[in-house]
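Each chain, written out:
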Amino acid sequence: MAFQPESELTAEEAAERVEEALANDDVVLFMKGNRLMPQCGYSKRALGLISQHVEEFETVDVLPALPEFREALEAESGWETIPQTYVDGEFVGGSDILAELDERGELAETLEGDA
């Protein structure tokens with residue numbers, strides 16, 4: 001049986017953290033791990049793609065309350081996968097979408113949003 005650590009946040013607290021980040025940050029990446037230590041390849045890829053185009057953006061480590069963050073993010077985007085990127089409160093996508101936008105030369109413009 002796998003060890004499941006207790007979540008550090010309740011579902012309500014995770015939802016509030018998501019809402020707060022979407023309201024306060026122009027670009028936010030919900031990821032597994034943090035900037036210095038991404039904890040999955042998809043999160044590392046998304047972090048790298050965003051970093052190529054914008055210097056200032058927020059990251060939120062979902063691992064301390066993964067089920068709660070997954071539920072809160074799915075309510076926002078309709079996607080249950082992590083990482084998820086938002087610009088001006090609008091869902092952009094995960095690492096695959098970011099890579100597609102980058103290949104088409106549209107990622108920088110997308111990340112700039114309404115700014």
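What counts as what
Numbering of residues starts from 1 in every chain and runs along the sequence as written. Local features are withheld for residues below a pLDDT of 70 in this predicted model, meaning they are given only at 70 or higher, and side-chain atom pairs are given and counted only at 80 or more; totals for whole chains, interfaces and linings count all residues. To get the side-chain values, all heavy atoms of the structure are used, and hydrogens and water are removed first. Each axis is a line fitted through C-alpha atoms, taken for helices only over the stretch in contact, and angles between the N-to-C directions span 0 to 180 degrees. Helix numbers and strand numbers start at the N terminus; a helix is a DSSP run of H or I with at least 4 residues, a strand a run of E with at least 2. Orientation categories follow fixed angle ranges, with anything under 35 degrees roughly parallel, anything over 145 roughly antiparallel, 65 to 115 roughly perpendicular, and all other angles oblique. By convention, the crossing between two helices is left-handed when the near helix turns anticlockwise from the far helix through less than a right angle, and right-handed when the turn is clockwise. Contacts are residue-level and defined by heavy atoms, with any inter-residue pair within 4.5 Å sufficient. Gly counts as polar in this scheme, as do all residues outside two lists: the nonpolar Ala, Val, Leu, Ile, Met, Phe, Trp, Tyr, Cys and Pro, and the charged Asp, Glu, Lys and Arg. To qualify as a nonpolar core, a set must consist of buried Ala, Val, Leu, Ile, Met, Phe, Trp, Tyr and Cys residues joined through side-chain atoms within 4.5 Å. Any residue under 20% of the maximum accessible area for its type is buried, any over 50% is exposed, and the rest in between are partly exposed; the area is computed with a 1.4 Å probe on protein chains only. We treat two strands as partners when DSSP finds at least two bridges between them. Read the arc as the range of directions from the helix axis to the C-beta atoms. Two joining distances apply to patches: 9 Å for like charges and 5 Å for nonpolar side chains (Val, Leu, Ile, Met, Phe, Trp, Tyr), and every residue must have over 30% relative accessible area and no salt bridge. All accessibility values rest on the Shrake-Rupley procedure with a 1.4 Å probe; residue burial counts only the protein chains present in the view. A side-chain nitrogen of Lys or Arg and a carboxyl oxygen of Asp or Glu constitute a salt bridge if their distance falls within 4 Å. His is not counted, nor are the chain ends; Lys and Arg add positive charge and Asp and Glu add negative charge. The atoms used to mark charge sites are NZ of Lys, CZ of Arg, CG of Asp and CD of Glu.

### Structural notes on the packing of helix H1 (residues 11–24) against helix H3 (residues 66–77)
Between H1 and H3, whose axes approach to 8 Å, the crossing angle comes to 50 degrees. Accordingly, the angle class assigned to the pair H1 and H3 is oblique. In this structure, H1 crosses over H3, and the sense of that crossing is right-handed. Listed contacts from H3 to Ala 11, Ala 14, Ala 15, Arg 17, Val 18, Glu 19 and Leu 22 of H1 are Glu 68, Phe 69, Ala 72, Leu 73 and Glu 76. When the residues that make up the contact of H1 with H3 are grouped by side-chain class, the tally is eight nonpolar, no polar and four charged.

### Here we look at the nonpolar core
Judged by nonpolar contacts, the single largest core of 16 residues is most densely connected at Val 27, Leu 29, Ile 50, Phe 57, Leu 98, Leu 107 and Leu 111. If you list the elements that add at least two residues to this core, you get strand E1 (27–31), helix H2 (41–51), helix H4 (95–103) and helix H5 (107–112). Considering each element in turn, this core owes the most residues, four residues, to H2. The residues contacting Leu 107, other than those within four sequence positions of it, are Leu 49, His 53, Leu 98, Leu 101 and Asp 102. Grouped together as the second largest cluster of nonpolar side chains are 14 residues, Phe 30, Val 60, Ala 65 and Ile 82 included.

### Here's the deal with the pairing of strand E2 (residues 58–61)
Sheet topology places E1 next to E2; four bridges connect them, and they run parallel. Opposite Val 28, over in E2, you have Glu 58 as the bridge partner.

### Structural notes on the packing of H2 against H4
Remark: H2 packs on H4, axes separated minimally by 9 Å, with the N-to-C direction vectors making an angle of 35 degrees. H2 and H4 meet at a crossing whose hand is left-handed. Note on element contacts: H4 touches H2 through Ser 95, Asp 96, Leu 98, Ala 99 and Asp 102, opposite Tyr 42, Arg 45, Ala 46, Leu 49 and Ile 50.

### What to know about H2
Among all positions of H2, only Ser 43, Ala 46, Leu 47, Leu 49 and Ile 50 are buried. Viewed end-on, H2 has its buried residues packed into an arc of 165 degrees, placing them on one side of the element. Exposed and oriented more than 90 degrees from the buried face of H2 are Gly 41 and Lys 44. Residues of H2 that are buried make contact with E1, E2, strand E3 (84–87), H4 and H5.

### Quick notes on a negative patch on the surface
Together, Glu 12, Glu 13, Glu 16, Glu 19, Glu 71, Glu 74, Glu 76 and Glu 80 line one region of the surface with negative charge. Put simply, the parts of the chain that give the negative patch at least two residues each are H1 and H3. It is H1 that provides the largest number of residues to the negative patch, a total of four residues. Accessibility expressed as a relative area gives 38% for Glu 13, which makes it partly exposed.

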